[in-house]
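Working through the structure, step by step
Listed below, chain by chain, are the residues.
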Amino acid sequence: MAGSDIPDKPVLYPQQDSFVRGEISPRLHARASLDLYRTALSKCENFLTLPHGGLRARGGTYFAGEVKTSSRETRLIPFIFSAEQAYALEVGHLYIRVYAYGSRVGTVEVVTPWVEADIWQLQFIQSADQMWIVHSDYAPQILTREDATTWTLTESIFNDGPYLALNITATTLTPADRASLTPLMTTNTAPSGTASSSNASANAFQVFDGDPGTDLQIVAVPGWIQYRQAGAAQVVVDSYWITAVDGTIVNRTPTSWKVEGSNNGATWTTLDTRKGESGWYGGETRFYEFENKVAFEYHRFSYTGLDGSVGTFQVAELGFNKAAVSQTAFNLTASSITGINDGAGFQTTDVGRTIRLLGSDGEWRWARIISRTSTTVVTITLNGHALPDLSPIINWRMSAFTPDEQVESVAFFEERLAYSKRFSVYASKTGAFDDFSAGEKDDDALVFENAGGGQANDIVWLADADGFLLIATSGGVRALSGSGLDEALTPTSFKNRRSRTHGCAKIRPIDAGQSFMYVTRSRRSIAELVQNASGRFTSDDIGQISEHIPKKGVIEIAYQDDPDPIVWFPLDNGELGGYTHQPSQEVRGMHRHRVGGAFTGADWPIVESCIVTPGQDGMPNDVWMIVKRTIGGSTKRYIEVMQPAFEYADIGDCFQVDCGLSYSGASTNSISGLSHLNGQSVDILYTSGIAGWVVVKGRTVSGGAVTLPGGALCNAAHVGLPFTSSAETLELDVGAKDGSLNGRRKKISAVLLSLFETDITGLEIQSMQRGAWETVDIPTTLPDPDYVELFTGNVKVPIDDSWEGMAKVRIRFTNPTPCTIRAATPIFDSED
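Basis of the calculations
Residues numbered from 1 in each chain as written. Predicted model: local features only at pLDDT ≥ 70, side-chain atom pairs only at ≥ 80, totals over all residues. Heavy atoms only, no water. Pairing = 2+ DSSP bridges. Helix = DSSP H or I, 4+ residues; strand = E, 2+ residues; numbered from the N terminus. Salt bridge = Lys/Arg side-chain N within 4 Å of Asp/Glu carboxyl O. Buried < 20%, exposed > 50% of the residue type's maximum accessible area, 1.4 Å probe, protein only. Patch = residues over 30% accessible without salt bridge, like charges linked within 9 Å, V, L, I, M, F, W, Y side chains within 5 Å. Areas by Shrake-Rupley, 256 points an atom, 1.4 Å probe, with all protein chains shown as cover. Lys, Arg positive; Asp, Glu negative; His and termini not counted. Charge placed at Lys NZ, Arg CZ, Asp CG, Glu CD. Disulfide = S-S within 2.5 Å.

Overview of the pairing of strand S10 (residues 103–111)
Here strand S9 (residues 95–100) pairs with S10 via five bridges, running antiparallel. Bridge assignment links Tyr99 to a residue of S10, and that residue is Arg104. Here S9 hands over to S10 after two residues, with Tyr101 in that stretch at a positive phi of 50°.

The structure is reproduced here in structure tokens:
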């Protein structure tokens, strides 16, 4: 058989009515035996694969503004307070700007510590109006939205932890002060202030003398003890302790009382109340804390009940802590530099760090370093409880986060704020995001060491997923949870599960509705995390059939759930990857997008960042991008918002141009406000309001404006950079009596297209073998070809093909108007 001597064969009509597998890897282009083959394409560019099966030209991008400095890298971070209040943060060199719903919010600009080189290593988590942002080289920061135009960034302060291991060296730390409300009193008025009691005892001072061998007795119930500051000074108190007398007379210890404050000795404010404090034993000390920020001159302990019925009050010690805000920082002196910062001693960068100190009474306190005097001397303020004495402290711990090793990742889990550093996870107390004091109570802070498992892999991100705290390392994902079914994670109840997963890149993962996704360590694939019946996690490469797309290097990932479920991911080559994801319906299709315009050195602009936020007033999600282009010979970085693809609307709602703007107003021949596109060739969709909408292509922007041809007028228009949506089919194979048709010569005579709401004047078909693009004839049902009309139905497009082809066709759409392809049916012959 040679040349055109092909005998007559039955004409074949293999319909492709689903494209849900999107653009598949060239490695699979000959795998016609795969079920996915007939729902896939060899190319899908600027088309979206729809969950319903068809292809739709993506929406254009709306120009929201230029970044602060186009010569510097910039990224976007979503800030979502609620479905009705969502923002896109422009994070650049030493600043944050705020955008919402397609435009910048006023002149908001927040100063930040992060330089350009570090912004892509930032990790973040948000709760209501606050966002915690971390980087391993910077102290954690909290971004707070007070209202739409008022934003602040402050350093996140750690209270009481987390800490490094307990000191095991001989180095001691000696305090110069006790941080007590009272000095060690020797009389009721010495060395300063005044101690008094309800029985006017000359021995009232003995509960403040630091000697548990002395005590105060008051033969009355109720009664009180008080201390007045010298010189009418006012002090904030936020904790206290009581020591019972040693011996058999503990039945004189109080069981109910209140702590009060006053600034005139007559009007009292209750600061703390206790009841039922019974069962004291000899010499026992009990510690109490309460919230208070108000300073008082007088502080009084008023008791109303005792542990027995003798009617005599008797305690050995009563100690009030002077809150840090009322303290004058005092020295903490180390006996040597051993054990402090790996033997380097205290450093100036230690200012702000915390230290945990165990007093001689067996109670832990924590202190914050206020200043550094030398390698062995720092000044501190004390928190928790006043020290019982000034003896050297051997048991101490320095905070875990140092200036050169800060927090690396952050997440919320079961009302805790969790951080990671190297191989460890630190989780705050339940509901107290700044308190990392560890303990054994269920709501105490947690510390997990070596959470990366057997390999020494740093933790790259933390995330909450389906009741597990996921711990991602470059070696894989582990899962922390409570030890039992639906049991909360606590210091004494936890499981650390190893999973069979891929290593992870330091890129924020996403919750994609029906699954959880993350970027693998190489940044060349995206993995889907799945929990099996045994409660363990496994992960699969979601893009294996389209591996050539993520292999270009994934920068970040974002998830859009409205109007269609799509995962977006910018790539190192500047393309924007897309993945239509609805696994319950077996919809898993990748597509690529090249936005309009150009960047010097590339054939298309560079999409550098992409995030998703809820749309305004119930509208579909906003897909935000930073796009780098060459405009007028200069590099420009623009913030743009991808518009929803057209569906079930008026043609005027169609926005199918990139980096574009819309005009609505008085009739005009010139559309202005386009200075960001000076010198660029743009497409226009416009109307005069009298008749329909008109397409104009290839008009040049000059002086920030573009004119309509022939003196035409418009009162509404969409103007922007054109882009082409392209699709290419795989080799047709409908089977043959003796096997596959793959590889055999075929000839297409025509293609039947089933279209939905499509401007067919912008649609063209081409044989992969022949170079001529065939236009789609306008059906006679369209009333006026001068105006855009959307067609729904079937059209037949003749194709100029040859027997040397493999029955593959190209489809492209070039107008700034809608296009949806429901099905494509090539009509072809094949040799035996």
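Digging into the pattern of salt bridges
Per the counting criterion, the structure on display carries 35 salt bridges. Linking Glu547 and Lys551 is a salt bridge whose minimum nitrogen-to-oxygen distance equals 3.1 Å. By relative accessible area, Glu547 is classed as buried at 12%. On the basis of relative accessible area, Lys551 is assigned to the partly exposed category, the value being 29%. A salt bridge links Lys552 to Glu575; its shortest N-O distance comes to 2.9 Å. In this pair, Lys552 is assigned in the loop between strand S43 (537–541) and strand S44 (558–560) and Glu575 in the loop between strand S45 (566–570) and strand S46 (576–582), connecting sequence segments 23 residues apart. On the basis of relative accessible area, Lys552 is assigned to the partly exposed category, the value being 28%. Look at Glu575 and you get buried, because its relative accessible area is 0%. Each member of the salt-bridge network shares a partner with another, and the members are Glu23, Lys43, Glu45, Lys552, Glu575, Arg592 and Arg594.

Here's the deal with a positive patch on the surface
Taken together, the side chains of Lys495, Arg498, Arg500 and Arg536 make up a positively charged region of the molecular surface. Tracing the chain through its elements places Arg498 in strand S39 (residues 495–498).

Structural notes on the state of the cysteines
For the coordinates displayed, the defined rule picks out zero disulfides. Free cysteine: Cys654, not disulfide-bonded; nearest cysteine sulfur from Cys819 at 11 Å. Taking the relative accessible area as the measure of exposure, Cys654 reaches 1% and is therefore buried. No disulfide involves Cys659; its nearest neighbouring cysteine sulfur is the one of Cys610, lying 15 Å away.

Points about unusual backbone geometry
A cis amide bond links Ala190 to the next residue, Pro191, at an omega of 5°. Tracing the backbone through its elements, the reader meets Pro191 in the loop between strand S15 (173–175) and strand S16 (194–197). Backbone torsion omega between Asp562 and Pro563 reads 10°, so that peptide bond is classified as cis. Within the fold, Pro563 resides in the loop between S44 and S45. Here the phi dihedral of Ala200 falls at roughly 55°; this positive angle occurs in a residue that is not glycine. As for its placement among the helices and strands, Ala200 is situated in the loop between S16 and strand S17 (216–218). Located in the positive-phi region is Cys659, a residue other than glycine, with phi close to 55°.

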